[in-house]
Amino acid sequence: MAGSGIAADEPLAETLVLLVSELVTNAVVHTGCPAVLRLLFGPGGGTVRVEVADRSTAPPLQRHADGGDTHGRGLELVDGLADRWGWQPEGAGKHIWCELDRGAPLFAPVVRESGACEAQRAVTNTA
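The structure presented is a predicted model; accordingly, all values stated were derived computationally and were not measured. (Residues numbered from 1 in each chain as written. Predicted model: local features only at pLDDT ≥ 70, side-chain atom pairs only at ≥ 80, totals over all residues. Heavy atoms only, no water.)

Chemist: Summarise helix α1 (residues 11-31); cite the residues concerned and give the values.
Modeler: Over its 21 residues, α1 runs 30 Å from end to end, which matches the ideal 30 Å to within 8%, given 1.5 Å per residue. Inspection of α1 places L12, A13, T15, L16, L19, V20, L23, N26 and A27 among the buried residues, and these make up the whole buried set. Seen end-on, α1 carries its buried residues on one side only, within an arc spanning 165°. Of the exposed residues in α1, those oriented more than 90 degrees away from the buried face are V17 and V29. Contacts from the buried residues of α1 go to β1 (36-41), β2 (47-54), α2 (74-81) and β4 (93-101). G32, located one to two residues past α1, shows a positive phi value of around 70°. (Helix = DSSP H or I, 4+ residues; strand = E, 2+ residues; numbered from the N terminus. Expected span 1.5 Å × (residues − 1). Buried < 20%, exposed > 50% of the residue type's maximum accessible area, 1.4 Å probe, protein only. Arc of directions from axis to C-beta. Contact = heavy atoms within 4.5 Å.)

Chemist: A description of the pairing of strand β3 (residues 84-90) should follow, citing residues and the corresponding values.
Modeler: In this sheet, β4 lies alongside β3 in antiparallel orientation, the contact comprising seven bridges. Across the sheet, residue W87 finds its bridge partner in β4, namely I96. A loop of two residues connects β3 with β4, the two strands running antiparallel in sequence, and G91 in this loop sits at a positive phi of about 55°. (Pairing = 2+ DSSP bridges.)

Chemist: Requested: an account of the environment of R55, with residues and values cited.
Modeler: Mapped onto the fold, R55 is located in the loop between β2 and α2. Those residues in contact with R55 that sit more than four places away from it in its chain are P34, A92 and G93.

Chemist: Any details on the sheet that holds β4? Residues and values, ideally.
Modeler: Taken in spatial order, the four strands line up as β1-β2-β4-β3 in an open sheet, and their pairing is antiparallel. Two strands bound the open sheet, and with one partner strand each, they are β1 and β3. On average, adjacent strands in this sheet sit at an angle of 20° to one another, irrespective of strand direction. Against the sheet, α1 contacts β1, β2 and β4, and its axis sits at roughly 15° relative to β2. (Axes fitted to C-alpha atoms, helices over the stretch in contact; angles between N-to-C directions.)

Chemist: Describe α2, with residues and values.
Modeler: Within α2, six of the eight residues are buried, leaving the element largely enclosed by the surrounding structure. Of all the residues in α2, the buried ones are G74, L75, V78, D79, G80 and L81.

Here's what the structure looks like:
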């Protein structure tokens, strides 16, 4: 993110690091193959897009983990933190993406592509 204008202590930076970690980990764990990460910064820094490509054609599966489960929260976390997310086929595999609107307030309602509205979780700096 160096050179993007996003400060290391900015809540958006922490959220991006978490989203990158979740998407890359999911790709590697569920496909057993390397993944390719792309960070795209929109004009003026308005929207940040995270894309992770892998060699599997299997669609991502959002699970609903129970309280004691140690796995299965990755895409739930992405769904709760990102303004939008999805996936699409790419070559011999797919890529999963998520977007954050840089100027969006941290407590604003988020309208998903399905038209549903849910409250976005607060992102706080724990430092």
